[in-house]
Amino acid sequence: MNVDITDLTRRFGRTQAVAGVSLQAGAGVFGLLGPNGAGKTSLLRMMATVLPPTSGRMRLLDRDPRSYAPRREIRRRLGYLPQNLGYYPGFTVAEFVEYFALLKDIPPGQVARAVAASIEHVDLGDKARTKLRTLSGGMLRRVGIAQAIVNGPELLLLDEPTAGLDPEQRVSFRALLRDLGQRATVIVSTHLVEDVGAACTEVALMDAGKIVFHGTPDELTARGEGSGAAGDAPLERGYSAVLAAARSVTAARS
Amino acid sequence: MSDMNAGLPPGASAPWATAPPDVDLGRVWTGVAAQVWRRDPGRVERLAGRLLRSPGLARALVATPSLLLGWIIATAVVLAVGVVATLGTGTPYVALCAPALAAAGIAYAYGPGIDPAFELSRTMAVGDRMVLLVRTLAVFGLNAALGLAASAASGVAAALTFGWLVPMTAACAIALAAATLARSANVGVAAGIAGWVIMLLAGRATLGQYTAAITDAALVFPYLLFAACCCAVALFASRISRGTS
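Residues numbered from 1 in each chain as written. Chains lettered and ligands numbered in written order. Predicted model: local features only at pLDDT ≥ 70, side-chain atom pairs only at ≥ 80, totals over all residues. Heavy atoms only, no water.

> Outline the overall build of chain A, listing residues and values.
When you go through chain A residue by residue, the secondary structure sums to 9 helices and 9 strands. Expected size for 254 residues packed as a compact globule is a radius of gyration near 18 Å; at 18 Å, chain A falls within 12% of this value. Counting only C-alpha atoms and orienting by the principal axes, one finds that chain A spans roughly 60 × 40 × 30 Å. When each of the 254 residues of chain A is scored for burial, the buried share is 55%. When contacts within chain A are restricted to residue pairs at least 6 apart in sequence, those whose partners lie at least 24 apart make up 64%. Just so you have it, chain A exposes about 10500 Å², and 49% of that area is on carbon and sulfur atoms. Distance between charge centroids for chain A: 8 Å, based on 31 positive and 26 negative side chains. (Helix = DSSP H or I, 4+ residues; strand = E, 2+ residues; numbered from the N terminus. Rg over C-alpha atoms; globule rule 2.2 N^0.38 Å. Buried < 20%, exposed > 50% of the residue type's maximum accessible area, 1.4 Å probe, protein only. Contact = heavy atoms within 4.5 Å. Areas by Shrake-Rupley, 256 points an atom, 1.4 Å probe, with all protein chains shown as cover. Lys, Arg positive; Asp, Glu negative; His and termini not counted. Charge placed at Lys NZ, Arg CZ, Asp CG, Glu CD.)

Next comes the structure, spelled out in structure tokens:
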């Protein structure tokens, strides 16, 4: 298992952002759904080794990220796209991707080819020597994806990757996700259930820091059938039905 | 490919349109693109890469905001004005302003306030603390060298030429601690300059002269102790991870 998490929690002062999440994920595309404030980003940041957990056990790529040497090894094999990725406006696309390729410890002799391949993957070849300050939001998002995949990651964590992409780009991005998911564990946090339906082999739904559903997109869709839950698409109805059920259980307990 | 055949007789195809079946054109193109888009590291970056034994760390070093050419020129200009003022008035302006300049440079070396991709940088194999350390030492060293050159050029006594190095260490340390703790380069600059001004005014109040904060040998140990405490605070603050869900 590339991701093996048991009873993981994270607190920010009095706020419990992640409340006892257990998760195992191997190769494939794993969708993380949930409303705002559900704890998706905190969970992703912990897996990205940015944020230490308050409690619980986490193993990534069969290593314990709490120790320096395994954490460094994990980071060499990790791709991460944060929700708010900052950009160096004076860098070109190729320079930006190369910067992170070097920081990921890719051997210097392989950097140029890895940079070119990842830029081609996100279809930004014609913008490779363009300054980032001149690019649109969707293009910048693709630059972010390029840096995330430049090291051929075994664990790829993407926080709202399709935000700002136009429909055509989203379709090709989902194809890229499916391709990457054949070799690596790809975890995608998103609000867009159609991304999950089109690209994910597994899905987890988070609410109030907990995983309230874990299964396949088809199983999530099935939860919405005949439930009368709101939603335009079957998967959206499943999403709404699971959330409503989880919240009614919480309300009954309190 | 159809555009590439434009201008050819109907039914004819360009020689480049037919490639041997075992050639992976995508792979070839990636190889070509890699050569075209390759960036040649400058002399400083190559040297830093050899010294640090890490091309990533070297790249992070040359991208330091307070080591960019514009910043270095601005620092040199301020010190040059200090040299002229020192020569004209006899007041050691270089020694008085060098610690504050260095503190500002340190605050702008690395951190979430100045690095737009700081969150991403924290997930890299080349650790963010190592980047912070290397950048801080480089900024400190460069400012010390520029300050010493300016001090020597201003022709003041040896105690003043070298005396400000220890207070500079303390001013830099408080700037680093404040910038790391507040996650803001501007707060670091303000803390560094304010700390240094308070020391100058305190020296003026107790011994009657501004240079007391530089020349008083009794202050060396407190400066170094204070700097060590600030560095400990910076290390602790860079260990804490904060954020929202």
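> A description of the nonpolar core should follow, citing residues and the corresponding values.
By size, the foremost hydrophobic cluster in this structure holds 136 residues, and its most contacted members are A:Leu43 and A:Met47. Ranked by residues supplied to this core, first place goes to helix H5 (residues 93-107) of chain B with 11 residues. Residues in contact with A:Leu43, not counting those within four places in the same chain, are A:Ile5, A:Leu8, A:Val18, A:Val21, A:Leu32 and A:Met206. (Core = buried A, V, L, I, M, F, W, Y, C linked by side-chain atoms within 4.5 Å.)

> Account for unusual backbone geometry, with residues named and values stated.
Residues and elements named next belong to chain A. For Thr49, which is not glycine, the phi dihedral falls at a positive 65°. Taking relative accessible area as the criterion, Thr49 reaches 11% and is therefore assigned buried. The backbone of Asp123 sits at a positive phi, close to 60°, despite the residue not being glycine. When you line up the elements, Asp123 lands in the loop between helix H4 (108-121) and helix H5 (137-149).

> Hey, could you go over the interface of chain B and chain A for me, with residue numbers and the actual values?
Chain B puts 32 residues into the contact, and the matching count from chain A is 44 residues. Interface area, chain B with chain A, both sides summed: about 3400 Å², of which 61% is carbon and sulfur. Between chain B and chain A we count 11 residue pairs in polar contact (both at pLDDT 80 or more) in total. For the side of chain B that touches chain A, the secondary structure elements donating two or more residues are helix H1 (25-37), helix H3 (55-62) and helix H6 (118-121) of chain B. (Buried area = accessible area lost by both parts, 1.4 Å probe. Polar contact = N/O pair within 3.5 Å; in protein donor to acceptor, adjacent residues only side chain to side chain.)

> I'd love a proper account of the environment of A:Ala101, names of residues and values included.
All names here are of chain A. Note on placement: Ala101 falls in helix H3 (residues 93-103). Between the C-alpha atom of Ala101 and that of Val150, which follows or precedes it by 49 residues, the distance is 6.3 Å. Among residues more than four places away in sequence, those in contact with Ala101 are Ile106, Val111, Val115 and Val150.

> Before we move on, could you go through the pairing of strand S2 (residues 15-25) of chain A and cite the residues and values that matter?
Residues and elements named next belong to chain A. With 8 bridges connecting them, strand S1 (residues 3-12) and S2 associate as antiparallel partners. Residue Ile5 lies in a different strand from S2, and its bridge partner there is Leu23. Where S1 folds back onto S2 in an antiparallel hairpin, the turn is made up of 2 residues, including Gly13, whose phi is positive at roughly 60°. (Pairing = 2+ DSSP bridges.)

> Let's hear about helix H9 (residues 234-253) of chain A: which residues, and what values?
The first and last C-alpha atoms of H9(A) sit 29 Å apart over 20 residues, in line with the 28 Å expected at 1.5 Å per residue. Against the buried residues of H9(A) lie strand S3 (28-33), helix H7 (193-199), strand S8 (202-207), strand S9 (210-215) and helix H8 (217-224) of chain A. (Expected span 1.5 Å × (residues − 1).)

> So what's going on with the side chain of B:Asn143? Residues and values would help.
With respect to the helices, strands and loops of the structure, B:Asn143 is situated in helix H7 (residues 128-154). With near-sequence residues (within four places) excluded, B:Asn143 lies in contact with B:Thr75, B:Leu101, B:Ala102, B:Trp164 and B:Met168.

> Pulling in residues and values, what's your account of a negative patch on the surface?
On the surface, A:Asp123, A:Asp126, A:Asp166 and A:Glu168 cluster together into a negatively charged patch. Mapped onto the fold, A:Asp166 is located in the loop between strand S6 (155-159) and helix H6 (167-181). (Patch = residues over 30% accessible without salt bridge, like charges linked within 9 Å, V, L, I, M, F, W, Y side chains within 5 Å. Salt bridge = Lys/Arg side-chain N within 4 Å of Asp/Glu carboxyl O.)

> Hey, could you go over the packing of aromatic side chains for me, with residue numbers and the actual values?
Residues and elements named next belong to chain A. Per the counting criterion, the structure on display carries 10 aromatic pairs over all chains. Measuring from centroid to centroid gives 6.0 Å for Tyr88 and Phe96, while their planes differ by 50°, and the two rings are tilted. The class of Phe96 is buried, set by a relative accessible area of 0%. Chaining the aromatic ring pairs together yields one cluster made of Tyr87, Tyr88, Phe91, Phe96, Tyr99 and Phe100. The residue whose ring lies beneath Arg10 is Phe12, and the NZ or CZ to ring-centre distance is 4.8 Å. (Phe/Tyr/Trp six-rings, centres within 6.5 Å; stacked < 30°, edge-to-face > 60°. Lys NZ or Arg CZ within 6 Å of the ring centre and 35° of its normal.)

> Please give an account of the side chain of A:Asn151 that cites residues and values.
Residue and element names in this part refer to chain A. Counting through the fold element by element, Asn151 comes out in the loop between H5 and S6. Polar contacts involving the side chain of Asn151 include one to the main-chain carbonyl oxygen of Arg76, which spans 2.8 Å. Residues contacting Asn151, with those up to four places away along its chain left out, are Arg75, Arg76, Arg77, Leu78, Lys104 and Ile106.

> Outline the sheet that holds S6(A), listing residues and values.
Residues and elements named next belong to chain A. In spatial order, the strands read S5-S6-S7-S3-S8-S9; together these 6 strands make up an open sheet with mixed pairing. Edge positions in the sheet fall to strand S5 (78-81) and S9, since each has one partner strand and no second. Neighbour-to-neighbour, the strand axes of the sheet open up by a mean angle of 15°, direction not taken into account. As paired elements, S3 and strand S7 (residues 185-189) share 5 bridges and run parallel to each other. Looking across to S7, one finds that Gly28 is bridged to Thr185. Seen against the sheet, helix H1 (residues 40-47) touches S3, S5, S6, S7 and S8 and runs at an angle of roughly 150° to S6. (Axes fitted to C-alpha atoms, helices over the stretch in contact; angles between N-to-C directions.)

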